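Secondary and tertiary structure notes
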Amino acid sequence: MHNQEQPIATQTRSDAASAGLNAGSGRRNESASLHGRVTRLKPALWFLLALAGLYGLAVWSVIGQSTENALVAGQTGRASILHWSLAAGLPPLKRGSAAMAAGVVLIAAVALLRRRWREGVAGIGIAVATVATATTLHAVLPRPGLVSASQGLTGASFPSGTTAITAGLALGAAVVVSPSARPYVAALGALWLAVTAGAVQALSWHRPSDVLGATLLACVCHATATALLPRGEQGERGERGERGGTGRSRALPPLALAAAAALPASGREDSIAHPLVFAGVAFTCAALVWITATGHSSRPGRRTESTKPDTAAGSSL
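1. Observations regarding the nonpolar core
Among the nonpolar cores identified, the biggest contains 58 residues, and Phe47 and Leu171 are the most heavily contacted of them. Listing elements by their share of this core, those giving two or more residues are α2 (42-59), α6 (117-140), α7 (161-176), α8 (182-202), α9 (208-228), α11 (247-265) and α12 (273-294). Apart from the residues lying within four places of it in its own chain, the contact partners of Phe47 are Leu216, Cys219, Val220, Ala223, Leu288 and Thr292. Ile107, Ile165, Leu169 and Val177 belong to the second-largest nonpolar core, a separate cluster that totals eleven residues.

2. Section: the packing of α8 against α12
Two numbers describe how α8 lies on α12: the axes approach to 8 Å, and their chain directions differ by 155°. In terms of orientation, α8 and α12 fall into the roughly antiparallel class. At the point where α8 passes α12, the crossing takes the right-handed sense. Where α8 approaches α12, its residues Arg182, Pro183, Ala186, Ala187, Ala190, Leu193, Ala194, Ala197, Gly198, Gln201 and Ala202 are matched on the opposing element by Phe278, Val281, Ala282, Cys285, Ala286, Val289, Trp290, Ala293 and Thr294.

3. Details of α9
For α9, which comprises 21 residues, the first-to-last C-alpha distance of 31 Å matches the rise-based estimate of 30 Å (1.5 Å per residue) to within 8%. Burial within α9 is extensive, with 18 of its 21 residues counted as buried.

4. Quick word on the environment of Met100
Secondary-structure assignment places Met100 in helix α5 (residues 96-114). Expressed as a C-alpha distance, the spacing of Met100 and Val131, which sit 31 residues apart in the sequence, is 8.9 Å. Apart from the residues lying within four places of it in its own chain, the contact partners of Met100 are Ala127, Val128, Val131, Ile165 and Leu169.

5. A closer look at unusual backbone geometry
Between Phe158 and Pro159 the backbone carries a cis peptide bond, its omega angle lying at -10°. Along the chain, Pro159 turns up in the loop between α6 and α7. Phi at Arg115 is positive, roughly 55°, even though this residue is not glycine. Summarising the element assignment, Arg115 is placed in the loop between α5 and α6. Since its relative accessible area comes to 61%, Arg115 is described here as exposed. One non-glycine residue, Ser204, adopts positive backbone phi at about 65°. Tracing the chain through its elements places Ser204 in the loop between α8 and α9.

6. A word on α2
Spanning 18 residues, α2 covers 26 Å between terminal C-alpha atoms, matching the ideal 26 Å at 1.5 Å per step. All of the buried residues in α2 are Ala44, Phe47, Leu51, Leu54, Tyr55, Ala58 and Val59. All buried residues of α2 lie within an arc of 100° about the axis, which places them on one face of the element. Facing away from the buried side of α2 by over 90 degrees, the exposed positions are Trp46 and Leu57.

7. Some points on the packing of α7 against α12
Their axes nearest at 9 Å, the elements α7 and α12 cross at an angle of 20°. As judged from the angle between their axes, α7 and α12 are roughly parallel. Of the two elements, α7 crosses α12, and the hand of that crossing is right-handed. Residues Ala167, Ala170, Leu171 and Ala174 of α7 form the contact with α12, whose participating residues are Val289, Thr292 and Ala293. When grouped by side-chain class, the residues that make up the contact of α7 with α12 number six nonpolar, one polar and no charged.

8. What to know about the pattern of salt bridges
Taken as a whole, this structure holds two salt bridges when the rule is applied. A salt bridge links Glu269 to Arg78; its shortest N-O distance comes to 3.5 Å. One end of the pair, Glu269, is in the loop between α11 and α12; the other, Arg78, is in the loop between α3 (62-71) and α4 (82-88), and 191 residues separate them in sequence. When its relative accessible area of 33% is taken as the criterion, Arg78 is described as partly exposed.

9. A short note on the packing of aromatic side chains
All told, the structure shown has one aromatic pair when counted by the stated rule. With a centroid separation of 5.3 Å and 40° between ring planes, the pair formed by Tyr55 and Phe158 is classed as tilted. Of the two residues, Tyr55 sits in helix α2 while Phe158 sits in the loop between α6 and α7, which places them 103 residues apart along the sequence. Judged on exposure class, the residue Tyr55 and its partner Phe158 are both buried.

The rules behind the values
Residues numbered from 1 in each chain as written. Predicted model: local features only at pLDDT ≥ 70, side-chain atom pairs only at ≥ 80, totals over all residues. Heavy atoms only, no water. Core = buried A, V, L, I, M, F, W, Y, C linked by side-chain atoms within 4.5 Å. Buried < 20%, exposed > 50% of the residue type's maximum accessible area, 1.4 Å probe, protein only. Helix = DSSP H or I, 4+ residues; strand = E, 2+ residues; numbered from the N terminus. Contact = heavy atoms within 4.5 Å. Axes fitted to C-alpha atoms, helices over the stretch in contact; angles between N-to-C directions. Parallel < 35°, antiparallel > 145°, perpendicular 65-115°, else oblique. Left-handed = near helix turned anticlockwise from the far one by under 90°. Expected span 1.5 Å × (residues − 1). Arc of directions from axis to C-beta. Nonpolar A, V, L, I, M, F, W, Y, C, P; charged D, E, K, R; others polar. Salt bridge = Lys/Arg side-chain N within 4 Å of Asp/Glu carboxyl O. Phe/Tyr/Trp six-rings, centres within 6.5 Å; stacked < 30°, edge-to-face > 60°.

Here it is as structure tokens:
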């Protein structure tokens, strides 16, 4: 009888050990998943810190206020883009609400066609959160009177709601499209943002920090949303990016096009130096959107945790 019970006892101990190993492995996997998600949230934190630093430097310092007041002191009617842009109703300069609604519907339609519900929710969330947060911050963030300025320059304008619409829609659309289409959507979004950011500065509607702040805000929303998504889609994007060449070579044509568009959009009839500053800021906004949307901020060829494919997560999408 003793000899017959011994294998059963051995099997019981083996099952218990196996269960313990499985539980330990599950806890390690859960901890690794949580750590990976926290790691993927770091870009959002960096963008948020940059946004706060920009606001402090441009709005809460004498140097920042004086510099930007001098840049936007010109009359709106001297902007080169005024005549054809407003006559054509270039969105979102005069049709911001319509552009926002159309963009959200387009993102939802792409998500429906691709059956990518999570990416669709993330894309719409990026656009809506960017515009809603920009509108709220615009209303509540104070602008202290640190320098002697005319009444037209004392109102709060940080961040730019017009720029937030463009940047939010561009990054939201980049999330929901396929990895193969993402560079083209990002290029179109960067081009649109370069024109919008340059125009609102040239028209003296917004300061350079306003458009840069709105773009950083959109990047915060994008980085947060994509960090919370399963890694399957992000891994597919990373591998395609590696096979398609370095980030620098892929970024050159769209960013060159964005720079070429920013120059005429930022033009003014009464100045040469100011439009160059506006165009430089507009190009910076376009570059931020391109890098954020395509994920080319990492070193070429380097495999990071966020670019490792997750088969289980990818199949669940």
